[in-house]
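Inside the fold
Below, each chain spelled out in residue letters.
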Amino acid sequence: IEQMQERRRKVRITDLCSGPGKLTQALGISGADHEIDFLTSGGRGIFHGERPPVVAGPRIGINRGQEFPWRFTEAGSIFISR
């Protein structure tokens, strides 16, 4: 969490990953990581365990593709942006 806060220059934990751009910045993911499977590649610190309930919704803050339900989050998460 501390490293994520450093990358995002944020203190509030709820602001760290409240959108796809913020998430990738917090995790240190860049264009150099294109096509990497983060669940199977070593050294990424990302692992999968029990799956939480996930909900899908419309994309926000964009002009194109708003009709696609490509915004996914854990149900009831306090970390999703409004």
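Residues numbered from 1 in each chain as written. Predicted model: local features only at pLDDT ≥ 70, side-chain atom pairs only at ≥ 80, totals over all residues. Heavy atoms only, no water.

Quick look at the overall build of the protein
Scanning the protein from N- to C-terminus turns up two helices and two strands. Mapped from its N terminus to its C terminus, the protein presents α and β elements in the order α-α-β-β. Scored against the burial criterion, the 82 residues of the protein give a buried share of 13%. Taking the intrachain contacts of the protein between residues at least 6 apart in sequence as the baseline, contacts between residues at least 24 apart amount to 9%. Summing over all exposed atoms, the protein offers an accessible surface of approximately 6,800 Å²; the carbon and sulfur share of this is 54%. (Helix = DSSP H or I, 4+ residues; strand = E, 2+ residues; numbered from the N terminus. Buried < 20%, exposed > 50% of the residue type's maximum accessible area, 1.4 Å probe, protein only. Contact = heavy atoms within 4.5 Å. Areas by Shrake-Rupley, 256 points an atom, 1.4 Å probe, with all protein chains shown as cover.)

Structural notes on the pattern of salt bridges
A complete count under the given rule lists one salt bridge for this structure. A salt bridge links Arg12 to Asp15; the shortest N-O distance between them is 3.5 Å. (Salt bridge = Lys/Arg side-chain N within 4 Å of Asp/Glu carboxyl O.)

Some words on the confidence of the model for the protein
Here the protein averages 81 in pLDDT, while 89% of its residues score no lower than 70. Predicted confidence in the protein is weakest over strand 2 (residues 71-74), with a mean pLDDT of 80, and strongest over helix 1 (residues 2-8), with 92. (pLDDT = per-residue confidence, 0-100.)

Remarks on unusual backbone geometry
Look at Arg9: it is not a glycine, yet its phi comes out positive at around 55 degrees. Mapped onto the elements of the fold, Arg9 is located in the loop between helix 1 and helix 2 (20-27). Notably, Glu35 is not glycine yet its phi reads approximately 70 degrees, a positive angle.

Some thoughts on the environment of Ala26
Summarising the element assignment, Ala26 is placed in helix 2. Residues contacting Ala26, with those up to four places away along its chain left out, are Met4, Arg7, Arg8, Leu16 and Cys17.

What about the side chain of Ser18?
Here Ser18 shows up in the loop between helix 1 and helix 2. Judged by relative accessible area, Ser18 falls into the buried class, the value being 7%. Of the polar contacts made by the side chain of Ser18, one reaches the side chain of Lys22; its length is 3.2 Å. (Polar contact = N/O pair within 3.5 Å; in protein donor to acceptor, adjacent residues only side chain to side chain.)

Overview of a nonpolar patch on the surface
A cluster of nonpolar side chains, namely Ile1, Ile13, Ile78 and Phe79, defines an oily patch on the protein surface of about 380 Å² accessible area. Of note, Ile13 is situated in the loop between helix 1 and helix 2. Residue Ile13 is classed as partly exposed on the basis of its relative accessible area of 40%. (Patch = residues over 30% accessible without salt bridge, like charges linked within 9 Å, V, L, I, M, F, W, Y side chains within 5 Å.)

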